[in-house]
Each structure stands twice: as C-alpha cells, then as structure tokens.
Amino acid sequence: MANLPNIVILGDYERALRRFSKWDKLEQNSNLTIHHEPLRDEALYQAVKDADAIAIVRDRSPFNEAMIARLPKLKFLMFTGKRNGTLEASSLVSRNIPIACTPGGPSTETTAELTWTLILGASKRLIEENRLISTGGWRDELSLLPMLSGQRLGVMGLGAIGSRVARVGHAFGMEVVTWSPRMTPERAAAENATSVSLDELLRTSKVVTMHLVAGPGTKGIISADQLSLMRADSILVNTSRSALIDMPDLCAALKKGCPAQAAVDVFDIEPLPKDDPLRNTPNLLVTPHLGFIAEPIFETFSNGITQTLEAWLDQKPLPHPFKM
C-alpha cells in the first residue's frame, strides 16, 4: 500500500465517525488512520507529518502557519462544519492546497437545547439535588428553589440560537431583553424582546445567556467590571465561545458570590486540563462542549468526510469547497 495516499482523520473523540457512513472505499484506496485522542503541537505533527490529506472534526486540532509549513506532502485539508477558528487557512491557500468543509447539521437546535438544559440545571440545582439523594439525604436548605416565570431573561445576541432561546424563555413566562453590538429596537421587537444597554441587561436579568460571535468587538466582553454589575442571584450561561468571558475573572466573581451561579459549555483550552480550576469552582456547572454533540450532527459530519475524501481521491469536484 506504499503507493496509496495517506489520509489522517483527527479529533474523533466520540469514536462516532465510523457509525454513520461507509468507509470501505476509503480503506481500499488509501492508508487511512483515525485518531481519537486530543493532539497538539509535536504529537499532532507526528500524526500528520506524512499525510497527503487531513480531515479534522471541527476545530479540535490547531493548524497554524508554522505547523502547515512543516507538512510538505500535504495536498488537501478539510474540516467538519462551516467554520474553523484554529486553522490558518491563508497558509494553505498560499500553497494552492484545496480546503473543504461539510454541512454543520442541526447545531442551532442542539445548542439551544443545551442552553436551556444548563439554565434549568443551574436554577433547579439538579446536580446538588441528585447528589443529595445518592448520598442518602432528602431535601435541605438548598432545596427551596427559585422559579424563572416572571423573571428577566437577558439574551446577548439574538441570532439563530439566541432567538430560539428567547422563545423558550417566553414559554416559561419570562420577560426577554436583549443586547448585541448591532441590536436595534426593531430587531428585538421581532422576537418579542426589548433592546436594552449591556449594563442594564447585566444589572436586571436573573439569567444572562450568551450567543455572540467572538470577534474583535466581543472578545472579553464579560470581565470583572461587567460581572460586578450582575444581580447577586443571577446565573450566567455561555454555550457560544469561551473568549467572550475572562474566565479567571469569572472564577473570582463566583467565589465572591456575584453572580450566584454560572453554567458554561466552552473553554479556552479543550479538552479542559485535569488541573484546571474550572473543574472545582463553586457554583459553576460545566459540560464538555456538548452544544453540537448529537447523533444527527455526527451523521452529517461522517457522511461529509467520506463523500468529500472520495471525491478528492477520484479527482472530482469537492461537494463543499471552503472559501475564505
């Protein structure tokens, strides 16, 4: 098989890709390797140094200019989903290496679902109440739970995900307010929400949930000053991008008790290091970036990878070429 191209698949943490599509053709016409563990830096280089083609699950394997320069054999790279925040695509373009992606699947829906899972899990203290039962207890002083109906829901970003989250808030009887850098009263009103300043949203909302793109105007938008504005009984939720929040500031704020709780699904380094303080920060509910982890999405990813790599092997047009 020495004359066959080397194809390397990276980031299949869930060992899910083989479940949803047929890999026979790729295995017959290439030297195929699938990596399930997180790889970075030198370990990543060793895995891909002889690769002719690379396929990455989302942005789990960072390829910067320096890494790409070390891969003279590379002829093709693809990733799942429509965006990749850890790929310096310009370095591939400058070498005329084609890039492709896959459809994203229903990640809008699954992320909105997870957002409400975190909101309800935090507000109803499901982890603590379950632990109470599993250790032989019953109700205690923390079991006198708040209700969300009649409270204010602050939605930062009212796009595809934020608007879904807002509609569920309405169903729970919450008042919805919203802010984003380009929010208008008309845009907010279209979702039955009220446009307010960021300060007002933070000061008055029981739940603040973040659904912004992490760009130049939004990175680090929540730090110590903003956290200090929040209600003492509030909950901060982030299922978008960790860069929106200064995470050390959030840890410090939670230890002070304002906000009362936070729930996050995204982190500066993923997988989260075993010694990261976020694993043991009080009043913080964390999940391992589950917003897009769902069977329909990985079926889309798996089919997208096999179809695209087969097209590349056959020198046919790529189904979803990536354009910068």
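The coordinates are above.
Novice: What's the story with the pattern of salt bridges in this structure? I'm lost.
Specialist: Between side chains of opposite charge, a pair can form as their charged atoms come close. Under the counting rule described, the total for this entry stands at 13 salt bridges. Here R18 makes a salt bridge to E27, at a shortest N to O gap of 2.7 Å. Between E295 and R19 there is a salt bridge, and its shortest N-O distance comes to 3.2 Å. With E295 in helix α13 (residues 295-313) and R19 in helix α1 (residues 17-20), this pair connects stretches of sequence that are 276 residues apart. Overall, the relative accessible area of 55% leaves R19 in the exposed class. Connected through salt bridges with shared partners, the residues R152, E175 and E200 form a single ionic network.

Novice: Help me understand the nonpolar core in this model?
Specialist: Soluble globular proteins: nonpolar side chains tend toward being buried together. One finds M156, L201, M210, I222, L236, I245 and L250 to be the most contacted residues of the largest nonpolar core, which totals 28 residues. Elements with a minimum of two residues in this core: β7 (175-179), α10 (198-204), β9 (207-210), α12 (247-256) and β11 (261-264). Tallying contributions element by element places α12 first for this core, with five residues. Apart from residues lying up to four places away in sequence, I222 is in contact with M156, L202, M210, L227, L236, L244, I245 and D246.

Novice: Can you walk me through the sheet that holds strand β10 (residues 235-238) in this structure?
Specialist: Sheet strands pair via backbone hydrogen bonds, and the direction of the pair is either parallel or antiparallel. Strand order in this open sheet of seven strands is β8-β7-β6-β9-β10-β11-β12, and the pairing throughout is parallel. Of all the strands in the sheet, just β8 (194-195) and β12 (284-286) have a single pairing partner and so form its edges. Across three bridges, β11 lies against β12 in parallel orientation. Bridged to V264 within β12 is V286. On top of the sheet, helix α6 (residues 107-123) reaches β6 (152-156), β9, β10, β11 and β12; it is set at about 155° to β10, its chief contact.

Novice: Could you clarify how one ought to interpret unusual backbone geometry in this entry?
Specialist: Excluding glycine, most residues fall at negative phi; most peptide bonds, likewise, are trans. The linkage connecting C258 with the following residue, P259, adopts the cis geometry, with an omega of 5°. Among the structural elements, P259 can be located in the loop between α12 and β11. P271 follows E270 through a cis peptide bond whose omega is -5°. Structurally, P271 is set in the loop between β11 and β12. In this model, Q315 sits at a positive phi of 60°, which is unusual for a non-glycine residue. Along the polypeptide, Q315 turns up in the segment after α13.

Cut-off values and rules
Residues numbered from 1 in each chain as written. Predicted model: local features only at pLDDT ≥ 70, side-chain atom pairs only at ≥ 80, totals over all residues. Heavy atoms only, no water. Salt bridge = Lys/Arg side-chain N within 4 Å of Asp/Glu carboxyl O. Helix = DSSP H or I, 4+ residues; strand = E, 2+ residues; numbered from the N terminus. Buried < 20%, exposed > 50% of the residue type's maximum accessible area, 1.4 Å probe, protein only. Core = buried A, V, L, I, M, F, W, Y, C linked by side-chain atoms within 4.5 Å. Contact = heavy atoms within 4.5 Å. Pairing = 2+ DSSP bridges. Axes fitted to C-alpha atoms, helices over the stretch in contact; angles between N-to-C directions.

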